[in-house]
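# Observations on the three-dimensional arrangement
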Amino acid sequence: MNIIVTGAGKGIGFETVKAFCKEPNNNIIAISRNIDNLKMVNITGNNTFLFPVSYDLSEIKDDLLETINSQFNKIDILINNAGILINKPFDSLSSNDFDQMFNVNVKSVFKLIKTLLPQFNIGSHIVNISSMGGFQGSAKFNGLSLYSASKGALNILTECLAEEFKEMGIKVNCLALGSVNTEMLQQAFQGYEAQVQPNEMALYIKNFAETAQHYLNGKIIPVSLSIP
């Protein structure tokens, strides 16, 4: 399969790429601003290839499509995992904080899908990685108003795109993740230890991306040990 994973330099995205690299016959484009970790990934799948791409998704231009097409011009799976979390009280948030989170968490997804739209195969699967913070009715936390709002926007975008892309044979689903023990979580909540490790969540995401499109479309799936 031809697979693209964003936010692939560390955490869940990095572990997801590693999981795909263990399977045969995968071509994986892994997009991250920092690709140092990706250059050291051990590929064990037969006829599997990994292409790390250093790119800032907040500034998508035509050169990204050219880079992707240099490796493959048809896409089976796109996992929009890139994200940013800023933890601040509402009255301390700035317009720049708003722009940063919405540019990365929502606008980059919009721009990437729009750029790649002609390249998706019939039966392809777009998986957007959201958060329980943006899941309606879930517990909310101080300091995460804009982060949660951006993930809520991603959830609704998922539902709308699933409807628009039906006739094209493209399925779009979203995973609203609970807390996972990543570097981003540690930076936002120092000292907090999540029960789920990145490699565990990555395996779930990989399996979902490979199979869920046969049964689901336009769904926002909560993936959390806690009750919303």
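Below is a summary of the structure that appears in this document. (Residues numbered from 1 in each chain as written. Predicted model: local features only at pLDDT ≥ 70, side-chain atom pairs only at ≥ 80, totals over all residues. Heavy atoms only, no water.)

## A look at the nonpolar core
Counting residues in each nonpolar core, the largest one holds 27 residues, and the members touching the most others are Val17, Phe20, Leu38, Ile79, Leu175, Leu177 and Ile205. At five residues, helix H1 (residues 11–21) tops the list of elements feeding residues into this core. Excluding residues within four positions of it along the chain, Leu175 makes contact with Val127, Asn128, Ile129, Ser130, Ser131, Tyr204, Ile205, Phe208, Ile221 and Val223. Membership of the second largest hydrophobic core comes to 26 residues, among which are Ile31, Ile60, Ile75 and Leu112. (Core = buried A, V, L, I, M, F, W, Y, C linked by side-chain atoms within 4.5 Å. Buried < 20%, exposed > 50% of the residue type's maximum accessible area, 1.4 Å probe, protein only. Helix = DSSP H or I, 4+ residues; strand = E, 2+ residues; numbered from the N terminus. Contact = heavy atoms within 4.5 Å.)

## Some details on the packing of H1 against helix H6 (residues 198–211)
Any two packed helices are characterised by the angle at which their axes cross and by the distance between the axes. Packing of H1 against H6 brings their axes to within 8 Å, and their N-to-C directions diverge by 60°. Classified by the angle between their axes, H1 and H6 sit oblique to one another. Note that H1 runs across H6; the crossing there is right-handed. Contacts between H1 and H6 involve Gly11, Ile12, Glu15, Thr16, Ala19 and Phe20 from the first element and Pro198, Asn199, Met201, Ala202, Ile205, Lys206, Ala209 and Glu210 from the second. Across the contact of H1 with H6, the residue classes break down as eight nonpolar, three polar and three charged. (Axes fitted to C-alpha atoms, helices over the stretch in contact; angles between N-to-C directions. Parallel < 35°, antiparallel > 145°, perpendicular 65-115°, else oblique. Left-handed = near helix turned anticlockwise from the far one by under 90°. Nonpolar A, V, L, I, M, F, W, Y, C, P; charged D, E, K, R; others polar.)

## Things to note about the packing of aromatic side chains
Under the criterion given, the structure shown has two aromatic pairs. Centre to centre, the rings of Phe98 and Phe102 are 4.4 Å apart; their planes meet at 10°, and the pair counts as stacked. Here Phe98 and its partner Phe102 are both found in helix H3 (residues 95–116), four residues apart, which amounts to about one turn of the helix. In this structure Phe102 comes out as buried when scored by relative accessible area, which is 19%. Pairing Tyr204 with Phe208 gives two aromatic rings, centres 6.4 Å apart and planes at 20°, and the pair type is stacked. Here Tyr204 and its partner Phe208 are both found in helix H6, four residues apart, which amounts to about one turn of the helix. For Phe208, a relative accessible area of 8% gives the class buried. (Phe/Tyr/Trp six-rings, centres within 6.5 Å; stacked < 30°, edge-to-face > 60°.)

## A few points about the environment of Val172
Relative to the helices and strands, Val172 resides in strand S6 (residues 171–177). A residue is classified by how much of its surface remains accessible, and Val172, at 0% relative accessible area, is buried. Counting along the chain gives 15 residues from Val172 to Leu157, while the straight-line C-alpha distance between them is 9.6 Å. Leaving out residues up to four positions away in the same chain, Val172 has contacts with Ile126, Asn128, Thr158, Leu161, Ala162, Phe165, Asn217, Gly218 and Lys219.

So far we have only geometry, and geometry alone does not tell us how the molecule works.
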